[in-house]
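Summary of the model geometry
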Amino acid sequence: MLELETPRELLGHVGQKLGTSDWFTIEQRHIDGFAALTGDDFWIHVDTERASREMPHGKTIAHGLFVLSLVPRLQRDIFRVERRGKGLNYGSDRVRYTAPVPVGSRVRLHQTLKTAERVGAATRMATVCEFEIEGSERPALVAEFILLMQDE
């Protein structure tokens, strides 16, 4: 866990790997909840019986956007800024879904700080986020995640 006092300290970590999160298990209840919330209820995600017959390995797969949405949750395992104001999701760039994530898989987030710059009383940072799937050589996704973190 990288512990920083203020957002400004991120400037000294550009180009460095910030760390790796704990493992997170993708459960069908997560997939079903995401499908209910977004309306993306395509059978490859929610129909476990059909998936058992027609999907590789006989399992449903997580939505790519669901996996991407885990960045804020899992980055809490990677770094913490003690004295800070609000943080705002500034966007994502170069999102690539490189491998399906079957239900029951464990994933973890690797984050590298690509850029950090001062913008007024805040620090805008871009991290390269790579989701590892346990036992797989290919990551689930790779994306650049941008966050604006205000000073306290």
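Residues numbered from 1 in each chain as written. Predicted model: local features only at pLDDT ≥ 70, side-chain atom pairs only at ≥ 80, totals over all residues. Heavy atoms only, no water.

Our next topic: the environment of lysine 59. Structurally, lysine 59 can be placed in the loop between helix H3 (48–54) and helix H4 (64–69). In sequence terms lysine 59 and alanine 99 are 40 residues apart; their C-alpha atoms lie 14 Å from each other. Setting aside chain neighbours within four positions, we find lysine 59 in contact with Ala51, Pro102 and Val103. (Helix = DSSP H or I, 4+ residues; strand = E, 2+ residues; numbered from the N terminus. Contact = heavy atoms within 4.5 Å.)

A few words now on the nonpolar core. Counting residues in each nonpolar core, the largest one holds 35 residues, and the members touching the most others are Ile26, Leu70, Phe79, Val101, Val107, Met125 and Phe131. Listed by contribution, the elements that provide at least two residues to this core are strand S1 (2–4), helix H1 (28–38), H4, helix H5 (71–75), strand S4 (79–81), strand S6 (106–119), strand S7 (122–133) and strand S8 (141–150). Tallying contributions element by element places S8 first for this core, with five residues. Leave out the neighbours within four places in its chain, and phenylalanine 79 touches Met1, Leu2, Leu18, Gln111, Met125 and Met149. Within the second largest apolar cluster, five residues are counted, among which are Ile44, Ala51, Met55 and Ile61. (Core = buried A, V, L, I, M, F, W, Y, C linked by side-chain atoms within 4.5 Å. Buried < 20%, exposed > 50% of the residue type's maximum accessible area, 1.4 Å probe, protein only.)

For the rest of this paragraph, the subject is unusual backbone geometry. Positive phi, normally seen in glycine, also occurs at histidine 57, with a value near 65°. Examined against the element boundaries, histidine 57 turns out to sit in the loop between H3 and H4. Phi angles above zero are rare outside glycine, and arginine 94 is one such case at about 50°. Tracing the sequence through the fold places arginine 94 in strand S5 (residues 87–97).

Moving on: the pattern of salt bridges. Summed over the entire model, instances satisfying the criterion amount to twelve salt bridges. Ionic pairing is found between glutamate 152 and arginine 83, a salt bridge with its closest N-O pair at 3.3 Å. With glutamate 152 in the segment after S8 and arginine 83 in the loop between S4 and S5, this residue pair connects regions lying 69 residues apart in the sequence. A residue is classified by how much of its surface remains accessible, and glutamate 152, at 66% relative accessible area, is exposed. A residue is classified by how much of its surface remains accessible, and arginine 83, at 38% relative accessible area, is partly exposed. (Salt bridge = Lys/Arg side-chain N within 4 Å of Asp/Glu carboxyl O.)

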